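Observations on chain architecture
What follows is each chain in one-letter form.
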Amino acid sequence: HGVAMRVQGRAWLITAPSGTGKTTQFNWLRALYGDEVELICGDKPILENRGESVFVHSSPWPGKERYPGGPGGELCGIVLLEQADHNRIQRLGSREAVFPLFREFLYSPDTEEEARTVGRIAAQLLRLPVWKLENRGDEASARLLNETMTKNETV
């Protein structure tokens, strides 16, 4: 599960189990920052291996909110979302990120080549910055998220 969006032209993925608040964060970001935030995919984005980078695209699945998707882009960072009674964001190392990130993947490696492709995408994703946002689902959490996505180095 994930919401893919462009923030100031850079593609980001927010991922978490269903019902955690991905759409809430997107809606807050749109309300606060308007056209600086564009939706790529409201749920279940498609990740494409392109050499040294990963591109994120809209999928046929519009999600429960039925948001139409937009043009894709090269992924520059990932946010793992958690509900909490506070707002805090921290960058994770690959060891901390691997299990929470990949529990949200949907794939069917029916052939050895498909399994290798998933492995290549996984390796590329773990080269990207991965952030964990513990959040209350409020305006302050969206401001914290936006500051991270726009002010921090992504590679």
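The structure under discussion appears in the preceding block.
So, here's what we can say about the structure. All of these numbers come straight from a predicted model, not from anything done at the bench.

Along the protein chain, the regular secondary structure elements total 4 helices and 8 strands. Going from the N terminus to the C terminus, the protein chain shows its helices and strands as β-β-α-β-β-β-β-β-α-α-β-α. Burial analysis of the protein chain (155 residues in total) assigns 44% to the buried set. Intrachain contacts of the protein chain at a sequence separation of at least 6 include 69% that bridge at least 24 residues.

Positioned with a positive phi, Gln 8 is a non-glycine residue whose angle comes to about 50°. Within the secondary structure, Gln 8 is located in the loop between strand E1 (2-7) and strand E2 (10-15). The backbone of Lys 44 sits at a positive phi, close to 55°, despite the residue not being glycine. Within the secondary structure layout, Lys 44 lies in the loop between strand E3 (37-41) and strand E4 (46-50).

Another point: the packing of aromatic side chains. Going through the model one piece at a time under the given rule, you end up with 0 aromatic pairs. Of note, Arg 50 hangs over the ring of Phe 55, and the distance from its end group to the ring centre comes to 3.8 Å.

Next up on the list: the pairing of strand E5 (residues 53-57). Summarising burial for E5: 4 of the 5 residues are buried, a large majority. Both E4 and E5 contribute to a ladder of 5 bridges, which runs antiparallel. Each residue of the ladder has a partner; that of Arg 50, found in E5, is Ser 53. Once E4 ends, the chain turns through 2 residues before running back antiparallel as E5, passing Gly 51 with a positive phi of about 65°.

Looking now at the nonpolar core. One finds Met 5, Trp 12, Leu 29, Val 79 and Leu 145 to be the most contacted residues of the largest nonpolar core, which totals 20 residues. When contributions to this core are tallied by element, the ones reaching two or more residues are E1, E2, helix H1 (22-33), E3, strand E6 (73-83), strand E8 (130-135) and helix H4 (139-151). Those residues in contact with Met 5 that sit more than four places away from it in its chain are Arg 10, Ala 11, Trp 12, Ile 14, Phe 26, Leu 29, Val 37, Glu 38, Leu 39 and Ile 40. In this structure, Leu 13, Val 54, Val 56 and Leu 125 belong to the second largest nonpolar core, which totals 17 residues.

Before going further, it helps to examine the pairing of E6. Of all 11 residues that make up E6, 8 are buried, and the element is covered over most of its length. Pairing geometry for E2 and E6, over 5 bridges, is parallel. In the strand pairing of E6, Thr 15 is matched with Leu 80. Pairing of E5 with E6, which is carried by 2 bridges, proceeds in the antiparallel orientation. Bridge pairing in E6 places Phe 55 opposite Glu 74. Summarising the sheet, E6 and E8 pair through 6 bridges and their orientation is parallel. If you follow Glu 82 over to E8, its bridge partner there is Glu 134.

Time to look at the packing of H1 against H4. When two helices pack together, their arrangement is captured by the angle between the axes and the distance separating the axes. For the pair H1 and H4, interaxial distance at closest approach is 9 Å and the crossing angle is 80°. Between H1 and H4, the angle is such that the two are roughly perpendicular. Where H1 approaches H4, its residues Gln 25, Trp 28, Leu 29, Leu 32 and Tyr 33 are matched on the opposing element by Glu 139, Ser 141, Ala 142, Arg 143, Leu 145, Asn 146 and Met 149.

Looking now at the side chain of Gln 25. With respect to the helices and strands, Gln 25 occurs in helix H1. Residue Gln 25 is classed as buried on the basis of its relative accessible area, which comes to 0%. Looking at Gln 25, its side chain comes within polar contact range of the side chain of Asn 135, at 3.0 Å. Ignoring anything within four residues of it in the chain, the contact list for Gln 25 reads Ile 14, Leu 81, Leu 133, Asn 135, Gly 137, Ser 141, Ala 142 and Leu 145.

Conventions we followed
Residues numbered from 1 in each chain as written. Predicted model: local features only at pLDDT ≥ 70, side-chain atom pairs only at ≥ 80, totals over all residues. Heavy atoms only, no water. Helix = DSSP H or I, 4+ residues; strand = E, 2+ residues; numbered from the N terminus. Buried < 20%, exposed > 50% of the residue type's maximum accessible area, 1.4 Å probe, protein only. Contact = heavy atoms within 4.5 Å. Phe/Tyr/Trp six-rings, centres within 6.5 Å; stacked < 30°, edge-to-face > 60°. Lys NZ or Arg CZ within 6 Å of the ring centre and 35° of its normal. Pairing = 2+ DSSP bridges. Core = buried A, V, L, I, M, F, W, Y, C linked by side-chain atoms within 4.5 Å. Axes fitted to C-alpha atoms, helices over the stretch in contact; angles between N-to-C directions. Parallel < 35°, antiparallel > 145°, perpendicular 65-115°, else oblique. Polar contact = N/O pair within 3.5 Å; in protein donor to acceptor, adjacent residues only side chain to side chain.

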